[in-house]
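The chain contents come next:
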Amino acid sequence: MPAVLVLLLSGTWLLSGALVTGTDPLIVAVGRTAVCCLVLTAAAASSVSGRADLRRAAARPVTVWLLGLLGFAGYAAGTLLAIPRIGTSLTNLVVALMPCASVAVGAVFFGARSGPRKAAGAALACAAAVGYAALGADAGDLDAVGLLLVAAATVAFAVYGFLYRDRLSGLPPLAVLPVLLAAATCLLLPMALPALIAHPRPSPRRAGSWCSARSSTPPPTSYNTG
């Protein structure tokens, strides 16, 4: 199971950047989320204990839908919609500030205490990112909507990390992931439906690209501070 997860996570951004060039970003998001859900569900359901854990996770619908929205559907939609606007590099730069977002979210909403070094490091990282965006990025990359989308996705995932720790940390992460991905697929599908209707018959090459895409979401407990 860990090996399956590593394979799904590897090469994410290169694939995403290539896919959204010729395909609607929301189609990419729903396609790869559904594929990852199927693969991880099959792996988890291959054992009796895994099936029991899947049922335990699915028995918490409110938490599942909320975390599916914040950590998967919202994160995937925000980042993939941002890539065509600001490019893969700048999108990656904002996502790399996830630990900084976790520090801020934890302090403001969850009462998490951060020491002076952690706070100073987060501030320095944010300043460096702003400096790169202002001086190093191409002028065409500085799209306000694109930056807002990826920033919102990053904050949403930071909130997800804390909520996951509070509500689902007692369950095995590799059993929780398929359930959350299933919820995310259901949430993403209505968003992608207009594009799917407009392109009802994708080419075999494009369909193969969807099936090759990996999940862009880190493991559930990644960037979790506190």
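Residues numbered from 1 in each chain as written. Predicted model: local features only at pLDDT ≥ 70, side-chain atom pairs only at ≥ 80, totals over all residues. Heavy atoms only, no water.

### With respect to the overall build of the protein
No. 1: Secondary structure assignment for the protein yields 10 helices and 0 strands.
No. 2: Scanning the protein from its N terminus toward the C terminus, one meets helices and strands in the order α-α-α-α-α-α-α-α-α-α.
No. 3: Residue pairs at least 24 apart in sequence account for 88% of intrachain contacts in the protein once pairs closer than 6 positions are excluded.
No. 4: Entry remark: accessible area of the protein is about 10900 Å², with carbon and sulfur atoms responsible for 68%. (Helix = DSSP H or I, 4+ residues; strand = E, 2+ residues; numbered from the N terminus. Contact = heavy atoms within 4.5 Å. Areas by Shrake-Rupley, 256 points an atom, 1.4 Å probe, with all protein chains shown as cover.)

### As for helix 9 (residues 173–198)
No. 1: Relative to the 38 Å expected for 26 residues at 1.5 Å per residue, helix 9 spans 37 Å between its end C-alpha atoms, a close match to the ideal helical length.
No. 2: Residue Ala192 marks the point of greatest curvature in helix 9, where the axis turns by about 50 degrees; the proline Pro194 follows within four residues. (Expected span 1.5 Å × (residues − 1). Bend = angle between axes of the 7 residues up to and from the residue.)

### Things to note about the packing of helix 6 (residues 98–109) against helix 8 (residues 144–167)
Any two packed helices are characterised by the angle at which their axes cross and by the distance between the axes.
No. 1: Interhelical geometry of helix 6 versus helix 8 gives an angle of 60 degrees and a closest axis separation of 9 Å. Of the possible angle classes, the one that applies to helix 6 and helix 8 is oblique. Crossing handedness for the pair helix 6 and helix 8: right-handed. Note on element contacts: helix 8 touches helix 6 through Thr154, Val155, Phe157, Ala158, Val159 and Phe162, opposite Met98, Ala101, Ser102, Val105 and Gly106.
No. 2: Tallied by class, the residues present in the contact of helix 6 with helix 8 amount to 8 nonpolar, 3 polar and no charged. (Axes fitted to C-alpha atoms, helices over the stretch in contact; angles between N-to-C directions. Parallel < 35°, antiparallel > 145°, perpendicular 65-115°, else oblique. Left-handed = near helix turned anticlockwise from the far one by under 90°. Nonpolar A, V, L, I, M, F, W, Y, C, P; charged D, E, K, R; others polar.)

### Considerations on the packing of aromatic side chains
By convention here, two paired aromatic rings are described through the distance between centres and the angle between planes.
No. 1: Scanning the entire structure with this criterion turns up 5 aromatic pairs.
No. 2: Where Phe110 meets Phe162, the ring centres are 4.9 Å apart and the plane angle is 10 degrees; that geometry is what we call stacked. Highlighted residues: Phe110 in the loop between helix 6 and helix 7 (116–136) and Phe162 in helix 8, separated in sequence by 52 residues.
No. 3: On the numbers, 4.8 Å between centres and 40 degrees between planes, the contact of Phe157 with Tyr160 is tilted. With Phe157 and Tyr160 both in helix 8 and 3 residues apart, the pair spans about one turn of that helix. Comparing Phe157 with Tyr160, the two get one shared label, buried.
No. 4: Through successive ring pairs, a cluster of aromatic residues spans Phe72, Tyr75, Phe157, Tyr160 and Tyr164. (Phe/Tyr/Trp six-rings, centres within 6.5 Å; stacked < 30°, edge-to-face > 60°. Buried < 20%, exposed > 50% of the residue type's maximum accessible area, 1.4 Å probe, protein only.)

### Quick notes on the nonpolar core
No. 1: Judged by nonpolar contacts, the single largest core of 53 residues is most densely connected at Leu67, Phe72, Tyr160, Leu168, Val176 and Leu180.
No. 2: The set of elements that each furnish at least two residues to this core consists of helix 3 (25–44), helix 4 (48–58), helix 5 (61–95), helix 6, helix 8 and helix 9.
No. 3: With 15 residues, helix 5 is the largest single contributor of residues to this core.
No. 4: For Leu168, the residues in contact, after removing those within four places along its chain, are Arg60, Thr63, Leu67, Leu163, Val176 and Leu180. (Core = buried A, V, L, I, M, F, W, Y, C linked by side-chain atoms within 4.5 Å.)

### Describing the pattern of salt bridges
No. 1: The tally for this structure, following the rule as stated, stands at 3 salt bridges.
No. 2: Close ionic contact of Asp53 with Arg56 constitutes a salt bridge, the shortest N to O distance being 3.1 Å. Note that Asp53 and Arg56 are positioned in helix 4 at a spacing of 3 residues, about one turn of the helix.
No. 3: A relative accessible area of 43% places Arg56 in the partly exposed class. (Salt bridge = Lys/Arg side-chain N within 4 Å of Asp/Glu carboxyl O.)

### Notes on the layout of surface pockets
No. 1: If you add up the space inside the largest pocket, you get close to 250 Å³.
No. 2: In terms of lining residues, the largest pocket is bounded by 14 residues, among which Val94, Leu97, Ala129, Val130 and Ala151 are the most central.
No. 3: Listed by contribution, the elements that provide at least two residues to the lining of the largest pocket are helix 5, helix 6, helix 7 and helix 8.
No. 4: Here the lining of the largest pocket is composed, by residue class, of 13 nonpolar, 1 polar and no charged. (1 Å grid on protein atoms, 1.4 Å probe; cavity = no way out; pocket = protein on both sides within 12 Å on 5 of 7 lines; lining within 4 Å. Points joined across faces, edges and corners; volume = space filled by probe spheres on them.)

### Describing the side chain of Asp53
No. 1: Look at Asp53 and you get buried, because its relative accessible area is 14%.
No. 2: Not counting the four nearest positions on each side in its chain, Asp53 is found in contact with Pro172 and Ala175.

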